[in-house]
Amino acid sequence: MKTLKVIKQNQSCCTPAQDIEVQETINNSNKNLPIVIIGAGPIGLAAAAHLVEQNQSFILLEAGNEIAHNIRTWGHVTLFSPWRYNINKAAKSLLEGSDWVEPNLETIPTGHELIDLYLKPLAELTLIKPSIRLNSKVVGISRQLNDKMKSKNRFNQSFNIYVEKEDDIYIIEAKAVIDATGTWGNPNPANSTGVWLKNEKELVDQIEYGIPDINTNPKRYANKKIAVIGGGHSAINTLLALAELQKDNPSTKLVWIMRKRSVEEAYGGEEKDALAARGALGIRIHELVDTGKIEVVTPFYISQVKKEENIHIVGTINGEQKVLTGFDELIVNAGNRPDFTMNNELRLSIDTATESVQALAPLIDPNEHSCGTVRAHGEEILRQPETDFYIVGAKSYGRAPTFLMATGYEQVRSITAYLSGDEEASKRVELELPETGVCSINLVNQSNTGC
């Protein structure tokens, strides 16, 4: 049975607090309340580092049992960009005051290395660690004592953040909220229309979403017929790992299903790509397709997947219906989408197409932009109708796959400056991105991991 606890600023939500009677009065003076950051990934921790610099109190909530819990699920994957683009400036400044050893800035980390060599040391700093709450899942955010409909004196009221932790529900009061929960773990379905169907949900034991670590369970995929669905770099990473398994298990059959007009569109810049790690993926997958190790079906629009004797994939290719049969396993790399469930009682401005922050949508539309052509943006663009509430990081981009970590760092630098009263700093642009070569031409409609 869950009990309700109200957490004041000077109480810890790591241990049950005494029940506190909610006062039927409105506190118009919120200046002594903390800023709450939701999500302890790279962007959430960067926000924490900036708030330390600004001498602002904060609480950093993480649903997982360790910081960057979502990244750990794809920790075996290598990023595209080297360390120099993955370390936040404020975080680096704090780390340099400790015994932290900076990685070689020209090398490229895996997800595991990003956590273990950078994010964990940052989270362990004495100026940050006491403010982190693990195993704390936010299930709702509201204005104090009011739902979305109430307008009177609304923006003078504090935020209430409802947190599930073990068998208790806690309420944390905050003067501002930064939602850095991302989109990973909330995947798009195999269905090309984006609609989740019962048939697909029932195949949960035979479908993986994201980039599985093939080496941890090779028997699941060895000598099976596997469909990899998606035309971006997540799909390519998955196929390359399966191709390694195929070397020792030659009966493994790999089928790559996507919606692109031709497979060449998926190869990207190859040797011309300014991010060498990304270009290398295109080169390697090109060779595997040409040598017949991977069968390609494109442009294929999936209408449903269903279980007969094995998995059938029903769809349309070149205007004709076709059923692909005989699959033992499906791996779906169709990107991710934001989950706004916990934001339902807030007044938000969300684009109807991208599901990004509305003012950001024209800057990131994947029909027009790649991760290398999105210009810098900060607090003013990310501002919501719900004053002092911000969506940042990958979630601010909604379904658009063009997010770069460095862009998220600039977002929270600007927002934390604004929340600290430094409006001039919030309007400055302090973002340096790598030249991304042909990214703007060939990397449209890639999966989130591509950037």
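If you're wondering where the values come from, they're calculated on a predicted model, not measured in any experiment.

Some words on the overall build of the protein chain
- Along the protein chain, the regular secondary structure elements total 13 helices and 17 strands.
- Counting every position in the protein chain, which comprises 451 residues, the buried fraction comes to 54%.
- When contacts within the protein chain are restricted to residue pairs at least 6 apart in sequence, long-range pairs at least 24 apart make up 70% of them.
- Surface accessibility of the protein chain: about 20400 Å² in total, with carbon and sulfur atoms responsible for 47%.

Notes on the sheet that holds strand β15 (residues 320-327)
- Pairing is antiparallel across the open sheet formed by 3 strands, whose spatial order is β13-β14-β15. At either end of the open sheet lies a strand with only one pairing partner, and these are β13 (300-307) and β15. Between one strand axis and the next, the sheet turns through 25 degrees on average, direction left out of account.

Observations regarding the sheet that holds strand β10 (residues 225-229)
- If you trace the 5 strands from one edge of the open sheet to the other, you get β9-β16-β10-β11-β12, paired in parallel fashion. At either end of the open sheet lies a strand with only one pairing partner, and these are β9 (207-209) and β12 (294-297). Taken over all neighbouring pairs, the strand axes of this sheet differ in orientation by 20 degrees on average, direction set aside.
- Bridge count between β10 and strand β11 (residues 253-257): 5 bridges; the pairing is parallel. Bridge assignment links K225 to a residue of β11, and that residue is K253.
- The sheet strands contacting helix α7 (residues 233-248) are β10, β11, β12 and β16 (329-332), and the helix crosses β11 at an angle near 170 degrees.

Structural notes on the pattern of salt bridges
- One pass over the full model with this rule turns up 21 salt bridges.
- A salt bridge links K92 to E102; its shortest N-O distance comes to 2.9 Å. Of this pair, K92 sits in helix α3 (residues 89-95) while E102 is found in the loop between α3 and α4 (111-123), placing the two residues 10 residues apart along the sequence.
- The class for K92 is partly exposed, based on a relative accessible area of 25%.
- E355 is the partner of R399 in a salt bridge, and the nearest nitrogen-oxygen pair spans 3.2 Å. With a gap of 44 residues between them, R399 in the loop between β17 (389-391) and α11 (405-419) and E355 in the loop between β16 and α9 (361-364) connect regions that are remote in the sequence.
- Given a relative accessible area of 33%, R399 falls into the partly exposed group.
- Among the charged side chains, a network of salt bridges with common partners joins E66, R72, D116 and K120.

What to know about the side chain of N160
- On the secondary structure map, N160 appears in strand β6 (residues 159-165).
- When its relative accessible area of 7% is taken as the criterion, N160 is described as buried.
- Once you skip the residues sitting within four places of it in the chain, N160 turns out to touch G140, I141, S142, Q144, L145, I171, I172 and E173.

Considerations on the confidence of the model for the protein chain
- Scored by pLDDT, the protein chain has a mean of 87; 85% of the residues are at 70 or more.
- The low-confidence segment residues 9-28, where pLDDT is below 50, has 44 contacts with residues more than four positions distant or belonging to other chains.
- Low pLDDT (under 50) marks residues 436-451, which in the prediction has 57 contacts with non-local residues, meaning those over four places away or in another chain.

A look at the environment of I257
- Its place among the elements puts I257 in strand β11.
- On the accessibility criterion, I257 (1% relative accessible area) is buried.
- Along the chain, I257 and V228 lie 29 residues apart, while their C-alpha atoms are 6.1 Å from each other.
- What I257 contacts, discounting residues up to four positions off in sequence, is A227, V228, I229, G230, V297, F300, I302, I313 and L324.

A short note on α11
- For α11, which comprises 15 residues, the first-to-last C-alpha distance of 21 Å matches the rise-based estimate of 21 Å (1.5 Å per residue) to within 8%.
- Among the 15 residues that make up α11, 14 are buried, leaving the element largely enclosed by the rest of the structure.
- Looking one or two residues past α11, G421 carries a phi angle of roughly 95 degrees, positive in sign.

Re the environment of L134
- Positionally, L134 belongs in the loop between β4 (132-133) and β5 (137-143).
- L134 gets classed as partly exposed once you look at its relative accessible area, which sits at 27%.
- C-alpha of L134 to C-alpha of G39: the two residues are 95 residues apart in sequence and 9.7 Å apart in space.

Quick notes on the packing of helix α1 (residues 42-53) against α11
- Where α1 contacts α11, the two axes come as close as 9 Å, and the packing angle between them is 35 degrees. Here α1 runs over α11; the crossing is right-handed. In this structure, α1 uses P42, I43, A46, A47, H50 and L51 to contact α11, whose residues at the interface are M405, G408, Y409, V412, R413 and T416.
- Grouping the amino acids of the contact of α1 with α11 by side-chain chemistry returns 8 nonpolar, 3 polar and 1 charged.

With respect to α7
- Counted at 1.5 Å a residue, the expected span for α7 with its 16 residues is 22 Å, and the 24 Å between its end C-alpha atoms agrees.
- Of all 16 residues that make up α7, 12 are buried, and the element is covered over most of its length.
- Where α7 is concerned, the buried positions are H233, S234, A235, I236, N237, T238, L239, L240, L242, A243, L245 and Q246.

Rules of the game
- Residues numbered from 1 in each chain as written.
- Predicted model: local features only at pLDDT ≥ 70, side-chain atom pairs only at ≥ 80, totals over all residues.
- Heavy atoms only, no water.
- Helix = DSSP H or I, 4+ residues; strand = E, 2+ residues; numbered from the N terminus.
- Buried < 20%, exposed > 50% of the residue type's maximum accessible area, 1.4 Å probe, protein only.
- Contact = heavy atoms within 4.5 Å.
- Areas by Shrake-Rupley, 256 points an atom, 1.4 Å probe, with all protein chains shown as cover.
- Pairing = 2+ DSSP bridges.
- Axes fitted to C-alpha atoms, helices over the stretch in contact; angles between N-to-C directions.
- Salt bridge = Lys/Arg side-chain N within 4 Å of Asp/Glu carboxyl O.
- pLDDT = per-residue confidence, 0-100.
- Expected span 1.5 Å × (residues − 1).
- Left-handed = near helix turned anticlockwise from the far one by under 90°.
- Nonpolar A, V, L, I, M, F, W, Y, C, P; charged D, E, K, R; others polar.

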